[in-house]
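Secondary and tertiary structure notes
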Amino acid sequence: MSFIEYGETIKEGDTAIVFLGHESMFPVKVQQGGKTQTKYGVIRHSTDLIGKRFGSKVTCSKGGWVYILHPTPELWTLNLPHRTQILYSTDISFITMMLELKPGSVVCESGTGSGSLSHAIIRTISPTGHLYTVEFHQQRAEKAIEEFREHQVDHLVTVKNQDVCKTGFGVADVADAVFLDIPSPWEAIGHAKSALKREGGRICSFSPCIEQVQRTCLTLEEHDFTEINTVEILLRVYNVRTISLQIPDLGKAAGDNASADLDGGDQSNPDASCANLQQGTMQFKSGRRNGGLPGYLCLLPSLFSCRQC
Ligand SMILES: C[S@@+](CC[C@H](N)C(=O)[O-])C[C@H]1O[C@@H](n2cnc3c(N)ncnc32)[C@H](O)[C@@H]1O
């Protein structure tokens, strides 16, 4: 298993996603002799996981079952241990596209945080690209290094434990794209420019507050960035379900004239009744899970710029 290529069977050391339902899943590190408790009972790694195919339906000790899924950056984003606020797939997908990331891209990122975006970047730029990610919080940097190793993507990423605003990304003239998710991105714009290739590149900064956006835009202009745009991405998720709509009882005769009434036809009889007309209807209803930051109150602007030298 690796986060950048599919593996058929589950092996010791793999990270697998235990899927109980869309609202209930969690990651496990597969170990010989390991046990994982679920509400359906125990999963025994040696007999229930190792050697089975990813996607298998596994019966737990109490008789209930779960699916064991191959990890992807999107599933990891929904299941990773949070050390910080993270970016979700709605924003990540737009960032990936607007930064023009592709296999072979060289990317600089700060901060690494919980590595949600990092995993998506690594999957996109593999097998020949590289991510330089900077995190000034020592434990977070160490945990990210450990996770990248466990997920077998460490050859595609370099984690630096330093302050990006003071020391930059530790590389010069190599990056196709820079991404910032730090409280004071304007202090890192000069370093981002130095990290980008001389022929130009793309930069994106994610900020929750409009004052941060204003300062970052001004600094981008001062550093001769062009095509500066600020956008917010909102996601609406729909549940598909069947419901019955009760048509109000408008009088007893309406059953006979139902179709005319529905067409807005015969409205002359005040006793008309539509009581029998209950209809099964497929309805698409906005669901709860938004896959984004909790609530929609804060702005989520991102800044994109193309550097022209
Ligand atoms: C919101 S989190 C980033 C989350 C990340 N984008 C993700 O998807 O998981 C911000 C991170 O930036 C780090 N950070 C803040 N200022 C920094 C700086 N000047 N240099 C390096 N890292 C910084 C914080 O320690 C934190 O871990």
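Below, the structure is looked at part by part.

A separate point is the site of the ligand. If you check the shell around the ligand, you find 24 residues, and the closest are Glu 135, Arg 140, Asp 163, Val 164 and Asp 181. Between the ligand and Asp 163 there is a distance of 2.7 Å, counted from a nitrogen atom to a side-chain nitrogen or oxygen. Here the ligand has 610 Å² of accessible area as a free molecule, and 91% of this is covered by the chains. Contributions of two or more residues to the shell around the ligand are made by helix H4 (116–125) and helix H6 (164–167). For the shell around the ligand, the per-class residue count stands at 9 nonpolar, 11 polar and 4 charged.

All right, on to the environment of Ser 46 then. Checked against the element boundaries, Ser 46 lands in helix H1 (residues 45–49). Remark: the alpha-carbon pair of Ser 46 and Lys 35, spanning 11 residues in sequence, is separated by 8.5 Å. Once residues within four sequence positions are removed from consideration, Ser 46 is found in contact with Gln 32 and Gly 33. In terms of polar contacts, Ser 46 uses its side chain to reach the side chain of Gln 32, at 3.1 Å.

With antiparallel pairing, 4 strands are arranged side by side in an open sheet as S2-S1-S6-S5. Single-partner strands in this sheet number two, and they are strand S2 (24–29) and strand S5 (57–59). Neighbour-to-neighbour, the strand axes of this sheet turn through a mean angle of 35°, independent of strand direction. As paired strands, S5 and strand S6 (residues 65–69) are joined by 3 bridges and run antiparallel to one another.

All right, on to the pairing of strand S1 (residues 15–21) then. Of all 7 residues in S1, 7 are buried, a share of seventy percent or more. Strand direction decides the pairing type here: S1 and S2, joined by 6 bridges, are antiparallel. Each residue of the ladder has a partner; that of Ala 16, found in S2, is Val 28. Counting the residues in the hairpin turn of S1 and S2 gives 2 residues. Where S1 lies against S6, 3 bridges are found, and the strand directions are antiparallel. Bridge pairing in S6 links Phe 19 to Tyr 67.

Let us now look at the packing of aromatic side chains. One pass over the structure, following the stated rule, counts 2 aromatic pairs. Centroid distance Phe 3 to Trp 76: 5.8 Å. Interplanar angle 90°. Geometry classified as edge-to-face. A residue pair is termed long-range when its members are at least 10 positions apart, and Phe 3 in the segment before S1 and Trp 76 in helix H2 (residues 73–79) qualify at 73 residues. An identical accessibility class is assigned to Phe 3 and Trp 76; each is buried. Pairing Trp 65 with Tyr 67 gives two aromatic rings, centres 5.5 Å apart and planes at 70°, and the pair type is edge-to-face. With relative accessibility at 43%, the residue Trp 65 sits in the partly exposed group. On the basis of relative accessible area, Tyr 67 is assigned to the partly exposed category, the value being 30%. In this arrangement the basic side chain of Lys 57 is found over the ring face of Trp 65, its NZ or CZ atom lying 4.0 Å from the centre.

Another point: helix H3 (residues 89–98). Turning to H3, its buried residues number three or more, namely Thr 90, Asp 91, Ile 92, Ile 95 and Thr 96. Looking at the buried residues of H3, the elements they touch are H2, H4, strand S10 (177–180) and strand S11 (202–206). Following H3 by one or two positions, Glu 100 adopts a phi angle in the positive range, close to 55°.

Throughout the structure, instances matching the rule amount to 10 salt bridges. In this structure, Asp 176 and Lys 197 form a salt bridge, with 2.7 Å as the shortest nitrogen-oxygen distance. Of this pair, Asp 176 sits in the loop between H6 and S10 while Lys 197 sits in the loop between helix H7 (189–195) and S11, and the two are 21 residues apart along the sequence. Since its relative accessible area comes to 23%, Lys 197 is described here as partly exposed. The partner of Asp 224 in a salt bridge is Lys 193, with the nearest N and O atoms 3.8 Å apart. In this pair, Asp 224 is assigned in the loop between helix H8 (210–222) and strand S12 (225–231) and Lys 193 in helix H7, connecting sequence segments 31 residues apart.

Cut-offs and rules
Residues numbered from 1 in each chain as written. Predicted model: local features only at pLDDT ≥ 70, side-chain atom pairs only at ≥ 80, totals over all residues. Heavy atoms only, no water. Near = heavy atom within 4 Å. Polar contact = N/O pair within 3.5 Å; in protein donor to acceptor, adjacent residues only side chain to side chain. Areas by Shrake-Rupley, 256 points an atom, 1.4 Å probe, with all protein chains shown as cover. Helix = DSSP H or I, 4+ residues; strand = E, 2+ residues; numbered from the N terminus. Nonpolar A, V, L, I, M, F, W, Y, C, P; charged D, E, K, R; others polar. Contact = heavy atoms within 4.5 Å. Pairing = 2+ DSSP bridges. Axes fitted to C-alpha atoms, helices over the stretch in contact; angles between N-to-C directions. Buried < 20%, exposed > 50% of the residue type's maximum accessible area, 1.4 Å probe, protein only. Phe/Tyr/Trp six-rings, centres within 6.5 Å; stacked < 30°, edge-to-face > 60°. Lys NZ or Arg CZ within 6 Å of the ring centre and 35° of its normal. Salt bridge = Lys/Arg side-chain N within 4 Å of Asp/Glu carboxyl O.

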